[in-house]
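Residues per chain are reported as follows:
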Amino acid sequence: MAGVAGAATLDDVKAKGFLQCGVHTGLAGFSQPDNAGEWSGMDVDYCRAVATAIFNDPKAVKFTPLSPAERFEALKNGEVDMLSRTTTWTMDRDTTYGLVFAGVNYYDGQGFLVRKSLGVTSALELTGASVCTQTGTTTELNLADYFKANNMTYNPVVFEKQAEVTAAYDSGRCDAYTTDASGLYSTRLSLTNPDDHVVLPEIISKEPLGPLVRQGDFQWFGLVKWVHYALLNAEELGVTQANVDQMKTSENPDIRRLLGAEGEFGSGIGLSNDWAANIVKSVGNYGEIFDRNVGAGSPLQIARGLNALWTKGGIQYAPPIR
């Protein structure tokens, strides 16, 4: 069974001919299906990147939409091969769930969305407010901690499904909506009158989001982890979807190792040496994935912030391929 510790997940994935990837049920910019059932988003592109690394085909992936309550068990029992679903890396999840995080593809933090008509400019003015949130998440726990730490009262209005939370807030059932700030920008776009709402300035938590795999299969863990690092290294080295073929002839040894023109860096994770070149050609580098899904090239218009490369004032940083 795929879920057994020590199982060769890569062999299982190759045998069935596709990657099964757990994603959000629908969050603009991260994972969302269109009317034709075609998935897009930053987390979706990470699934496609892993599929490309294995099969040189970004379409060799099937998506399983999962709620917060479903996501961890689906990965543990082998229903999905990896989870790429705006999931926060915490100690408890990393040490007691039988799962392991393969990196941080989005540094986030929890915030609050309110109607402009409410007349508040700070989350510290929300005492006594009703707050919509999703149950089974770190968001729910952070909300309680924040109000307790600031000696404030609130009325939690909780739902299991993202769509239910959004609908409740949009219909006026609560004064505020709280989730990761990235999710707030996404949610605001789906509201009846997006311009009537504002994200408050406070960030009340650390929410490092990233892909997860099961513990006990170090090769698979290494593969997913290094797909993430390859995307970051590609951006840092200036390797893009448009120039990747040209860059294969570069004299820069870092670029040559990344793209498989030098060394045997694919063999250690069970891949061909051009695995990273194939990824960048299919989905782009990290910056390209960020920009088209959540950044300047997307409706969300989220600034890179902490997710900029370490060379550009952010904290995204990848070990070298060498």
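Before reading further, recall that the structure is shown in the block above.
A brief structural summary. (Residues numbered from 1 in each chain as written. Predicted model: local features only at pLDDT ≥ 70, side-chain atom pairs only at ≥ 80, totals over all residues. Heavy atoms only, no water.)

Here's the deal with helix H5 (residues 138–149)
Along an α-helix, a turn takes 3.6 residues, which lines up residues three or four apart on a common side.
Next, step 1: Taking 1.5 Å of rise per residue, twelve residues should cover 16 Å, and H5 covers 16 Å from first to last C-alpha, within 8% of that figure.
Next, step 2: Tucked into the core, H5 has its buried residues touching helix H4 (91–96), strand E8 (110–115), strand E9 (129–134), strand E10 (154–159), strand E11 (176–180) and strand E13 (207–209).
Next, step 3: The first or second residue beyond H5 is Asn151, which carries a positive phi of 55 degrees. (Helix = DSSP H or I, 4+ residues; strand = E, 2+ residues; numbered from the N terminus. Expected span 1.5 Å × (residues − 1). Contact = heavy atoms within 4.5 Å.)

Details of the nonpolar core
Next, step 1: Within the largest apolar cluster, 59 residues are counted, with the highest numbers of intra-cluster contacts made by Leu19, Trp220, Leu223, Val239 and Trp275.
Next, step 2: It is helix H8 (residues 218–236) that contributes the most residues to this core, ten residues altogether.
Next, step 3: Residues in contact with Val239, not counting those within four places in the same chain, are Ala234, Val244, Met247, Ile255, Leu258, Leu259, Val280 and Asn285.
Next, step 4: In terms of nonpolar packing, the next biggest core, distinct from the first, is built from 14 residues, Ala123, Ala129, Tyr146 and Leu200 among them. (Core = buried A, V, L, I, M, F, W, Y, C linked by side-chain atoms within 4.5 Å. Buried < 20%, exposed > 50% of the residue type's maximum accessible area, 1.4 Å probe, protein only.)

Topic: the pairing of E11
Next, step 1: Most of E11 is tucked away: five of the five residues are buried.
Next, step 2: Pairing geometry for E8 and E11, over five bridges, is antiparallel. Bridged to Val114 within E11 is Ala176.
Next, step 3: As defined by bridge partners, E9 adjoins E11 across two bridges and the pair is classed as parallel. Note that in E11 the partner of Cys132 across the bridge is Tyr177. (Pairing = 2+ DSSP bridges.)

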